[in-house]
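So you can see what is in the structure, the chains are spelled out below.
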Amino acid sequence: MGIVNVTPDSFSDGGEFLSPDRAVRRGLELAASGADILDVGGESTRPGASPVSVAEELDRVLPVIEGLVAACDVPLSIDTTKLEVARAALGAGAAIVNDVSALRFSPGMAELAAETGAGLVLMHMRGDPRTMQLDPRYDDLIGEVGSHLREAARRAEAAGVDRASIVVDPGIGFGKTARDSWRLLAGLSELAPEYPVLVGHSRKSFLDPRGNRPPSERLPQTLAAGLLAALNGAAVLRVHDVEAHGRLLEAYRGYEEARR
Ligand code: PMM
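Now for a description of the structure that goes with this document. (Residues numbered from 1 in each chain as written. Predicted model: local features only at pLDDT ≥ 70, side-chain atom pairs only at ≥ 80, totals over all residues. Heavy atoms only, no water.)

**Focus: the site of the ligand**
- Taken together, 18 residues surround the ligand, and among them D79, N98, D169, K204 and R238 come closest.
- Between the ligand and N5, the relevant distance is 3.0 Å, taken from an oxygen atom to a side-chain nitrogen or oxygen of the residue.
- Measuring from a nitrogen atom of the ligand, one finds a side-chain N or O atom of D169 at 2.6 Å.
- Isolated, the ligand exposes 420 Å² of accessible area, and the fraction of that covered by the protein chains is 97%.
- Those elements giving two or more residues to the shell around the ligand turn out to be β1 (2-5) and β5 (119-123).
- Across the shell around the ligand, the residue classes tally to seven nonpolar, seven polar and four charged. (Near = heavy atom within 4 Å. Polar contact = N/O pair within 3.5 Å; in protein donor to acceptor, adjacent residues only side chain to side chain. Areas by Shrake-Rupley, 256 points an atom, 1.4 Å probe, with all protein chains shown as cover. Helix = DSSP H or I, 4+ residues; strand = E, 2+ residues; numbered from the N terminus. Nonpolar A, V, L, I, M, F, W, Y, C, P; charged D, E, K, R; others polar.)

**Notes on a nonpolar patch on the surface**
- Taken together, the side chains of W182, L227, L228, L231 and Y255 present a nonpolar region at the surface, about 430 Å² in accessible area.
- Top element by residues in the nonpolar patch is helix α8 (residues 219-231). It accounts for three residues.
- On the accessibility criterion, L227 (33% relative accessible area) is partly exposed. (Patch = residues over 30% accessible without salt bridge, like charges linked within 9 Å, V, L, I, M, F, W, Y side chains within 5 Å. Salt bridge = Lys/Arg side-chain N within 4 Å of Asp/Glu carboxyl O. Buried < 20%, exposed > 50% of the residue type's maximum accessible area, 1.4 Å probe, protein only.)

**Regarding the pattern of salt bridges**
- Tallying each qualifying case throughout the model produces 14 salt bridges.
- Between D208 and R218 there is a salt bridge; the shortest N-O distance is 3.5 Å. One end of the pair, D208, is in the loop between β7 (198-199) and α8; the other, R218, is in the loop between β7 and α8, with ten residues separating them in the sequence. As far as burial versus exposure is concerned, D208 and R218 are alike and both buried.
- Residue R259 pairs with E256 through a salt bridge whose shortest N-O separation is 2.7 Å. Residue R259 and its partner E256 are located together in helix α9 (residues 242-259), separated by three residues, close to a single helical turn.
- Linked by salt bridges that have partners in common, D39, D79 and R238 make up one network.

**Examining the nonpolar core**
- If you look at the biggest cluster of nonpolar residues, it comprises 63 residues, and the most contacted ones within it are L38, L122 and V199.
- Element by element, the count of residues in this core is highest for helix α5 (residues 141-158), at seven residues.
- With residues up to four places along the chain from it excluded, the contact list for V199 reads I172, L185, L188, A229, A234, V236, L237 and R238.
- One finds V121, V167, L198 and V236 within the second-largest nonpolar core, a separate group that totals seven residues. (Core = buried A, V, L, I, M, F, W, Y, C linked by side-chain atoms within 4.5 Å. Contact = heavy atoms within 4.5 Å.)

**Details of the sheet that holds strand β6 (residues 166-169)**
- Pairing in this open sheet of six strands is parallel, and the strands run β1-β2-β3-β4-β5-β6 from one edge to the other. Looking at strand neighbours, the two that pair on one side only are β1 and β6, the edges of this open sheet. Here the strands of the sheet are splayed against their neighbours by 20° on average, with no regard to which way each runs.
- Two strands pair when backbone bridges link them, and strand β3 (residues 76-79) and strand β4 (residues 96-99) are joined in this way by three bridges, in the parallel orientation. Bridge pairing links S77 to I96 in β4. (Pairing = 2+ DSSP bridges. Axes fitted to C-alpha atoms, helices over the stretch in contact; angles between N-to-C directions.)

**Concerning the packing of aromatic side chains**
- Per the counting criterion, the structure on display carries two aromatic pairs.
- On the numbers, 4.9 Å between centres and 65° between planes, the contact of W182 with F206 is edge-to-face. Note that W182 is positioned in helix α6 (residues 178-186) and F206 in the loop between β7 and α8, a separation of 24 residues in sequence.
- Centre to centre, the rings of Y252 and Y255 are 6.4 Å apart; their planes meet at 35°, and the pair counts as tilted. Taken together, the residues span about one helical turn, with Y252 and Y255 both in helix α9 at a distance of three residues.
- Lying over the aromatic face of Y138, R126 brings its terminal NZ or CZ to 5.0 Å of the ring centre. (Phe/Tyr/Trp six-rings, centres within 6.5 Å; stacked < 30°, edge-to-face > 60°. Lys NZ or Arg CZ within 6 Å of the ring centre and 35° of its normal.)

**Regarding the pairing of β3**
- Because side chains alternate across β3, one face comprises the buried residues L76 and I78, and the other comprises S77 and D79, equally buried.
- In terms of strand pairing, strand β2 (residues 38-41) meets β3 through four bridges, oriented parallel. Bridge pairing in β3 links L38 to L76.
- In the classification by handedness, the crossover that spans β2, the intervening helix α2 (residues 54-71) and the parallel β3 is right-handed.
- One crossover worth recording links β3 to the parallel β4 by way of helix α3 (residues 83-91), and it is right-handed. (Right-handed = clockwise from strand over helix to strand, strands pointing away.)

Read these as geometric descriptors, not functional statements.
See below:
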């Protein structure tokens, strides 16, 4: 899954692709590099980020979704917690809703996914982006994140979403210390074994806890975490550097085939 952030303030690439033309070009580059899904987002979820209005978010993402639908066949996901934005994006041709609140912020999201047959990504986050990094603590990290995700998935299924359309995500960096993020990578296969897992590790600060490098210079650590996620059973890697992860996964498949 290649990341197309149409935001002024994402931690990793904020402001780089705010104009629709640049964002569409970025998406097409990621598609040409081998992305199987493009994830378009118009609201930063970085720690401390302020919310964006529905109108502003729609202004950012809709032209990009329309442009990508017209120019490539790669399935699109909409990274939003807002029902109105998800509905408009699906109407414009997106196929997946990536809800980082796992149905908590907008009632009706699961029903929308059920009605439209959209895929649904359910991510674990503690609180909201303004509060999530304030002293995160868990008694049983894997157990708590896993049961939160299974509960959200059960609610989606009860609303009519096909089990095969659901993907869960531990929410790396969303209310997690660096150590928590590594432990979640190590415990991926125990989180919610009945669902495929998506991992969003790319360029995040747990990879560089002393903040020695800007996010765009964290590729080696990002690839190491991507390999660990793959080894531990991740089905989808949400990344900025699609080409590099494609090569990583090719090498990993060689290893995995020989090992089997
Ligand atoms: N991370 C970010 C945004 N959206 N969605 C999912 N499902 N999982 C994530 O880990 C995730 C996400 C923040 O990272 P970015 O600013 O690089 O997009």
